[in-house]
Amino acid sequence: NRVGLDIKSASEPADSDFAPGFAFLVPAMAAAVVADAGFFPISEVSSYHSKWVLKARVTAKGQLRSFNSRNGQAMQVFDCSLNDESGEIRASFFGDMAAKYFSLIEPGKVFTFSRGGCKIANRQYNRCNHRYELVFDRDGLVEPATDDGNIETVRFNFVDLRTVQSKTLPCSVDICGIIVKSRPFVAFTSKNGKELVKRDLTIADDTATSMEIAIWGDRAKQEDKVFEGNPVVCLKGISVKEFKGGRNGSLEQAGAMVFDSTLPDAERVRQWWKASGGQASFTSLSLAQEGVTDLATLQTKALPCTVELCGVVVNFKPSFAFTSQAGKDLVKREIVVADHTGLSMQVTLWGDRAQQEDKVFDGGALVLLQGVLVKEWNGGRSGSLLEAGSLIFSPTTPEAEKVRLWWSTGGSSQSLTALSQEGAGGASARLAAGRACSVAEMRRAAELVSTQPEVFCVISRLALVQMKKQGEIQPLMYMACQESKAGSSLPCNKRVGEDGFCPACGRVGKAAPRMNIRCRFSDHSDSAWLTTFHEAAQGVLGITAEQAKDIESGENGREALEAAIRRRYFQHPLQVSVRAKMDTYNGEQRTNITCFDARPVNYGQHGRSMLKSIKEMLEQQAEATIALATAAA
């Protein structure tokens, strides 16, 4: 297959699709029939044949365009698609030939074509399924011919929408499907001042997949009733491109739109719609257009799918900046959304949406998420808000009111069932595996660990940051190499010298500050000093390493930075994740305890956890009381 084309043969047409006396013929037989009629078959056109006469129907014609040739001469050109019983080919008319034949050649009519040239098809512009294309630029001859009805008006090479999902973009395809939704046409002015008319259609086929397709001009201005009632439509020449995270189609001007076709593909889709398609859930290749989906319904949807969600943010993580494998700098934040069905799901936000202040997500924020791509992840379901989607706080829709009422009348204390599963690696998995305990319990347990690391989750507050050691000022950050490791997209992160040279990479490259601080965390039971690395340190101090460096480099220098840090002491409770492991240092074994993650406590989640603990404690007390009473009796 060539990029952008699917050369799979179309389904065989029925005998009724041809004029009386013509049964379906394979391409070789069709070519023979054309040849017997005294004309050269399109399927046999190549650079090896210079003299030919074609008899073909014009299935599509482009606009007459002007351009300047290489020598600066003004030229005109137009192109058209030609079809006979053996195949389809594109023809381009240049210069005098374009002026002479543009008004003569009409789509749908039959002509004879001769005295033209032949060259390898340019796939950037040519959508026809033929290795070659025709060129008429000097003494070409085009004459009207008798239409005996043997040549199809349109030749389709259908692909299903599931196949479109995996095609390299941009591409051009022919689609046969059901119009499941039609929007009113809109007239607008393009950026270059051109008046346009557009109508958006949602097309679905028997792969239970749908896609948004735009049609233009007179096709779009047809009466609404033409698109109502879920008609079958065959579309030739759909240009498919990426659009804000999804795949959207646009019917090309030279394309075709045929309703109520009798082709086998159309009949198959029609029968599917009658049998089960009308009640099916579709996987949208474009953005969600089906209204709010509750999490209980989402639990049974086929994946992947794109949906609109409305719920309460019951948990969120700090925003996180990283570099993708493609070298792109990204920022993401993971939130957990719950709704009135008692289910929750993790949704990832990106870019500016992820970088909003933590407080906008706190306190059970009610959100409407439009355009969430949901996929299977680690045995669960997780969502990602597409770039074209929307994040709306405090919506006032009926669905939002239902969720708000549920949350205020008991939902905030309800146990939730999660659709998402934490990943198998990284901070999220370690956080999920961490044993909840107090600082005192963590210290006692850490003394008993082996070489196998253990993870603890402690709710505590920042009490102190070590600024000096034995009277010497302690550096709170260092400059780290940001060049990619060999064979990896991850940054080196090794310390660089004052001249920016990285010993690990052996060169001077990009560098960025990274934090490495000693923090004292306290709760009601005890306190503990923990080495706190970059990501966790930023979460503890509430500033990035770059911001800390700017403060230290600015007015009042180190003093201003220390003052900013002291303002964080005992301010907010933190959920601190701690790793304890037995290490060997200078031949001596000792416990290495580090903080690898720190984030603000989610009050709702923590409150539900404490309520659960209280409930369990009361149940244990009740059981003990009953046992004593039974023993006494």
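Presented here is an overview of the structure given in this document. Here, residues in each chain are numbered from 1, in the same order as that chain's written sequence. A pLDDT threshold of at least 70 governs which residues receive local features in this predicted model, and a stricter bar of 80 or more applies before side-chain atom pairs are shown or counted, although totals over entire chains, interfaces and linings include all residues. Each side-chain value is worked out from all heavy atoms of the structure, with water and hydrogens disregarded.

### Section: the nonpolar core
Next, step 1: If you look at the biggest cluster of nonpolar residues, it comprises 35 residues, and the most contacted ones within it are M442, L462, V465, F521, V540, L541 and I565.
Next, step 2: Residue contacts are counted whenever heavy atoms from the two residues lie within 4.5 Å of one another. Setting aside anything within four residues of it in sequence, one finds V465 in contact with I517, R518, C519, W529, L541, I565 and Y569.
Next, step 3: Among buried residues, the Ala, Val, Leu, Ile, Met, Phe, Trp, Tyr and Cys ones that are joined through side-chain atoms within 4.5 Å form a nonpolar core. With a 1.4 Å probe rolled over the protein chains alone, any residue whose accessible area is under 20% of its type maximum counts as buried; one over 50% counts as exposed, and the rest are partly exposed. Among the nonpolar cores identified, the runner-up in size contains 24 residues, and V307, L343, M345 and L349 belong to it.

### Comments concerning the pairing of strand β7 (residues 132–136)
Next, step 1: Counting from the N terminus, the helices are DSSP H or I runs at least four residues long and the strands are E runs at least two residues long. The buried fraction of β7 is high, at five of five residues.
Next, step 2: Side chains Y132, L134 and F136 of β7 all project onto a buried face; the interleaved residues E133 and V135 project onto the opposite face, where all are buried too.
Next, step 3: The criterion for strand pairing is that DSSP finds at least two bridges linking the strands in question. Of the strand pairs in this sheet, strand β4 (residues 88–94) and β7 are connected by three bridges, and their pairing is parallel. Bridged to A91 within β7 is L134.
Next, step 4: Where strand β6 (residues 117–120) lies against β7, four bridges are found, and the strand directions are antiparallel. When the bridges of β7 are listed, K119 appears paired with E133.

### Comments concerning the packing of helix α12 (residues 545–553) against helix α13 (residues 557–566)
Axes are the key here: two packed helices are described by the angle between their axes and the distance separating the axes.
Next, step 1: In this description, a line fitted to the C-alpha atoms serves as the axis of each element, helices being fitted only across the stretch in contact, and the angle between N-to-C directions of two axes falls anywhere from 0 to 180 degrees. One way to put it is that α12 packs onto α13 with a least axis distance of 6 Å and a crossing angle of 135°. Classified by the angle their axes make, α12 and α13 are oblique. Where α12 abuts α13, its residues A548, I551 and E552 lie against G557, R558, A560 and L561.
Next, step 2: Residues are grouped as follows: nonpolar covers Ala, Val, Leu, Ile, Met, Phe, Trp, Tyr, Cys and Pro; charged covers Asp, Glu, Lys and Arg; every other residue, Gly included, is treated as polar. Within the contact of α12 with α13, the residues separate by chemical class into four nonpolar, one polar and two charged. The labels follow the angle: roughly parallel below 35 degrees, roughly antiparallel above 145, roughly perpendicular from 65 to 115, and oblique for the rest.

### A few points about a nonpolar patch on the surface
Next, step 1: Residues L611, I614, M617 and L618 make up a contiguous nonpolar surface patch of roughly 370 Å² in combined accessible area.
Next, step 2: You can see L618 is positioned in helix α14 (residues 603–632). Every patch collects residues that have over 30% relative accessible area and no salt bridge, joining them within 9 Å if they carry like charges and within 5 Å if they are nonpolar side chains (Val, Leu, Ile, Met, Phe, Trp, Tyr). Residue exposure ignores everything except the shown protein chains as possible cover, and the areas themselves are Shrake-Rupley values with a 1.4 Å probe. A carboxyl oxygen of Asp or Glu within 4 Å of a side-chain nitrogen of Lys or Arg is what we treat as a salt bridge.

### Topic: unusual backbone geometry
Next, step 1: P170 follows L169 through a cis peptide bond whose omega is -5°.
Next, step 2: By the secondary structure assignment, P170 is in the loop between α3 (161–165) and β9 (171–182).
Next, step 3: For the bond from L303 to P304, the omega torsion is -5°, close enough to zero to count as cis.
Next, step 4: Along the polypeptide, P304 turns up in the loop between α6 (295–298) and β16 (305–316).
Next, step 5: Located in the positive-phi region is D260, a residue other than glycine, with phi close to 55°.
Next, step 6: Structurally, D260 can be placed in the loop between β14 (246–259) and α5 (264–275).
Next, step 7: The class for D260 is exposed, based on a relative accessible area of 56%.

### Some points on the packing of aromatic side chains
Next, step 1: Whether two aromatic rings pair depends on their centres lying within 6.5 Å, for rings of Phe, Tyr and Trp, where Trp uses its six-membered ring; planes under 30 degrees apart make the pair stacked, over 60 edge-to-face, and the rest tilted. Enumeration over the complete set of coordinates arrives at 15 aromatic pairs.
Next, step 2: Residues F113 and F136 carry aromatic rings whose centres are separated by 6.3 Å and whose planes lie at 50° to one another, so their mutual orientation is tilted. Pair noted here: F113 is in strand β5 (residues 110–114) and F136 is in strand β7, with a separation of 23 residues, a long-range link.
Next, step 3: Given the relative accessible area of 0%, F113 is considered buried.

These figures capture arrangement, not role.
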